[in-house]
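# Working through the structure, step by step
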Amino acid sequence: MSEHISNVTFHDRVDDALRNQILHTALDRATGRFQSLRANALAELQDADVVRDRARLIRAHTLSKLDTYLEQFVANVEKAGGHVHFARDANALNEIVNEIARTRNVRGVVKGKSMISEETHLNHALEAEHIRVVETDLGEYIVQLAGETPSHIVAPAIHKTKEEIGELFHQKINIPYTDDPALMTAAARHVLRREFLDADMGISGVNFGVAETGSICLVENEGNGRLTTTAPRIHVALMGIERLVPNLDDLSVMLQVLARSSTGQKITVYTNLITGPRQDDEGDGPDELHVILLDNGRSKVLATEVAEILYCIRCGACLNACPVYREIGGHAYGSVYTGPVGAVLTPALEGIAPWSDLPHASSLCGACRQVCPVRIDIPRMLLVERDWATRAGKLQWWLRLGLRMYSFTVTRPTLFKLATTAGRWGSRLVGASSGGWIRSLPPPLNGWTQSRDFPAFAQKSFSEQFEASRKK
Amino acid sequence: MRDDKTLVLSQIRESLRTAHLPAARALVPPRAAIAQGDRAQLIENFRRELEPLGGSSYLARNDEQAIAVVLQILGQGDGREVLTWADEDIPVRGLGAALSLNNYARLDVNLPADAEGRKRKLAELASAAAGITGAMAGFADTASVALGTSATRSRLASLLPPTHIAILRTSDLFPDMACFFAANPHVTRDASNLVFVTGPSRTADIELTLQRGVHGPKFVHVVLVD
Ligand code: SF4
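The structure displayed is predicted, hence computed values, not measured ones.

### What about the overall build of chain B?
- When you go through chain B residue by residue, the secondary structure sums to 7 helices and 12 strands.
- Across the 226 residues of chain B, 53% fall into the buried class.
- Accessible surface computed for chain B: about 9,800 Å², of which carbon and sulfur atoms make up 51%.
- Averaged over its 24 positive side-chain charges, chain B has a centre that lies 4 Å from the centre of its 25 negative ones.

If you want it as structure tokens, here you go:
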């Protein structure tokens, strides 16, 4: 894809998103709600900072010995009777799933939420083989019925009003029109229950693989994950190669921060730990378990300056905290992974050339780093990728100049402090007249703001916060 | 695919030679698990946590009380078919007898090996009114119950029916998940499926309005037996 086309479509998508009032209101409500729930949940957690440090350490440590933990995990899944497959890329993964389906005469598939399947566009690949695929998470189901894509990692159908969903259900599943969420939920339960019981294969994501036990952990609230992994005779679990923790104790640490950061719950309704298929004497559960480990660029990312993005546990907190995401929503990014994490991860996995805009879809305000349960330094990596884009010659000269100066100041602490302090003063002034959004900045940063509004700088800069926390 | 495994692992090793992973260092062994908390406190915490989630809890002093509670819950619905774990997996004596005395039919949850037979059987089981299970453990900090599978402990009993009744001995309460894992390090070896259930199934996918019972049970009752 040429740079020109990708730039135009990105800008169009952003423009569309900014004009869409319904999306805007819904996003604002959702992200606002999730943010305050998250803050409360973490405030209740004793020693939240200690737990987050531990969680970060666990992820960092696991990745530093990823080959060892992967081999241990594979051996233990197999010991429990599961099959393990490695997929080098998206096509390889889709082919493995299709092969399992072909050889086992699978006609119907039910799916739990899986970002990996979005990454590989698995549904299309299965449908090309005439296999029926039904999403079972309520939000994903709504989005699938509408022929759309999820707009939010935790609330996929947040861009739709209840009236729109009522009309959709009326058209697609033939129920009398209602906009009562309780009735619509009951209708979905009814329709999807039949799909569960009739499916030959269940496809799920994986939140964590546990190396020491060969278990996969899957967290969810609706019960669709449990049904997907219990009712069909074949369970296929999709995971990125980086999603491991060493042992059960480490898992319990990760689980302490995951739901709290994601939905503000202490723990999700269902925390599933699946170790192999049903044992010989067990009466229910799948006959076969296949765990597919997807690389798709991850093993190479490990060697780059943005390896830290692989610590991510996909909680979605950085999306809710991001002023840009809150304004434009997930669709505008045009990528599977959206928000701050997506802006770093997508170019890392797929190369900077088609995605040179993404690292710029941020004001570097630092809110993402503040909320991340594993303290991923997203702003640092956005700068790294902006640099990639510059080197690849993907930017207009004025933007390049602005970035050079910015990178220059950021890498020099004193200048950076001065610049952000100045920026905050500026943003406070402009913020007063434009609802917290910076419409223009003085040179040399004004090149930047010509095409996008920038959210106000955080009232305290990172370096200030960092200093303050060190003094404590 | 064998090739892909070799390829991916060797690329990882190659990358790790030069990788810079912030904060990476050796993991010191986990903190020692906290000793069992005070029993009364654990019970109180568990019940307090469950309530706002929309689950119900009961404290029974003995087996008779527990059975009475179960029958009372069942009486609120109108179905007569139930999915249950085997008697020896439910920590109250006499429940099986009480169920049959009160005309409740316990459905056989063993799924046949053939694909079509399996689907038919699942469709039959889906109409059961309630599921009754024991629980290996409860976590007081989150009001979760731990359900592990075996030949006589099915997944479906806590999953298909609209009502799930879990019977938990108060001596099996742990302060939290970490303590449970510390006390049961091999739990995943024995149970191919271990699930921590925390309140009723829920969703907020339509305009962020909370709905209970979307795919799993809408009503979750935990009977604590002291
Ligand atoms: S980057 Fe951090 S905050 Fe964002 S989704 Fe990943 S873990 Fe959550």
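### Describing empty space enclosed by the protein
- Taken as a whole and assessed by the stated rule, the structure comprises 7 cavities of 30 Å³ or more.
- Its boundaries defined by the atoms lining it, the largest cavity holds a volume of some 110 Å³.
- When its residues are assigned to classes, the lining of the largest cavity shows 13 nonpolar, 1 polar and 1 charged.

### Re the interface of chain A and chain B
- Each partner contributes residues to the interface: chain A has 102 residues there, and chain B has 85 residues.
- Note on chain A versus chain B: buried area summed over both sides is about 7,800 Å², and carbon and sulfur give 57% of it.
- Remark: the boundary between chain A and chain B carries 10 salt bridges.
- Of the charged contacts, one joins B:Glu49 and A:Lys266 as a salt bridge, the two residues approaching to 2.8 Å between their closest N and O atoms.
- Counting residues per element, the side of chain A that touches chain B draws most heavily on helix α10 (residues 181-198) of chain A, at 10 residues.
- Looking at side-chain class alone, the side of chain A that touches chain B contains 48 nonpolar, 23 polar and 31 charged residues.

### Some words on unusual backbone geometry
Residue and element names in this part refer to chain A.
- Phi at Asp 47 takes a positive value of approximately 55°, unusual for a residue other than glycine.
- Its location among the elements puts Asp 47 in the loop between α2 (21-44) and α3 (48-64).
- The exposure class of Asp 47 is exposed, given its relative accessible area of 53%.

### Structural notes on the domain arrangement of chain B
- Domain parsing of chain B yields domain 1 (1-30) and domain 2 (32-225).
- Here the C-alpha centre of domain 2 of chain B lies 40 Å away from the C-alpha centre of domain 1 of chain B.

### Regarding the environment of B:Asp87
Residue and element names in this part refer to chain B.
- On the secondary structure map, Asp 87 appears in the loop between β2 (81-84) and α4 (95-101).
- By relative accessible area, which is 42% here, Asp 87 ends up partly exposed.
- As a C-alpha pair, Asp 87 and Gly 134 span 47 residues in sequence and 9.2 Å in three-dimensional space.

### A short note on the packing of helix α16 (residues 339-350) of chain A against helix α18 (residues 378-391) of chain A
Residue and element names in this part refer to chain A.
- Interhelical geometry of α16 versus α18 gives an angle of 40° and a closest axis separation of 10 Å. It follows that α16 is oblique to α18 by the angle criterion. α16 and α18 meet at a crossing whose hand is left-handed. Packed against α16, whose contacting residues are Pro 340, Val 341, Ala 343, Val 344, Pro 347 and Ala 348, the element α18 presents Ile 378, Met 381, Leu 382, Glu 385 and Trp 388 at the interface.
- Of the residues in the contact of α16 with α18, the class split is 10 nonpolar, no polar and 1 charged.

### Remarks on the site of the ligand
Residue and element names in this part refer to chain A.
- Close to the ligand lie Cys 312, Ile 313, Arg 314, Cys 315, Gly 316, Ala 317, Cys 318, Val 341, Cys 372, Pro 373, Ile 376 and Ile 378, which account for all nearby residues.
- Structurally, the ligand is housed in the largest cavity.
- Considered class by class, the residues forming the shell around the ligand number 10 nonpolar, 1 polar and 1 charged.

Cut-offs used in this document
Residues numbered from 1 in each chain as written. Chains lettered and ligands numbered in written order. Predicted model: local features only at pLDDT ≥ 70, side-chain atom pairs only at ≥ 80, totals over all residues. Heavy atoms only, no water. Helix = DSSP H or I, 4+ residues; strand = E, 2+ residues; numbered from the N terminus. Buried < 20%, exposed > 50% of the residue type's maximum accessible area, 1.4 Å probe, protein only. Areas by Shrake-Rupley, 256 points an atom, 1.4 Å probe, with all protein chains shown as cover. Lys, Arg positive; Asp, Glu negative; His and termini not counted. Charge placed at Lys NZ, Arg CZ, Asp CG, Glu CD. 1 Å grid on protein atoms, 1.4 Å probe; cavity = no way out; pocket = protein on both sides within 12 Å on 5 of 7 lines; lining within 4 Å. Points joined across faces, edges and corners; volume = space filled by probe spheres on them. Nonpolar A, V, L, I, M, F, W, Y, C, P; charged D, E, K, R; others polar. Contact = heavy atoms within 4.5 Å. Buried area = accessible area lost by both parts, 1.4 Å probe. Salt bridge = Lys/Arg side-chain N within 4 Å of Asp/Glu carboxyl O. Domains from an automatic or database assignment. Axes fitted to C-alpha atoms, helices over the stretch in contact; angles between N-to-C directions. Parallel < 35°, antiparallel > 145°, perpendicular 65-115°, else oblique. Left-handed = near helix turned anticlockwise from the far one by under 90°. Near = heavy atom within 4 Å. Sits in = over half its atoms within 2 Å of the grid points.

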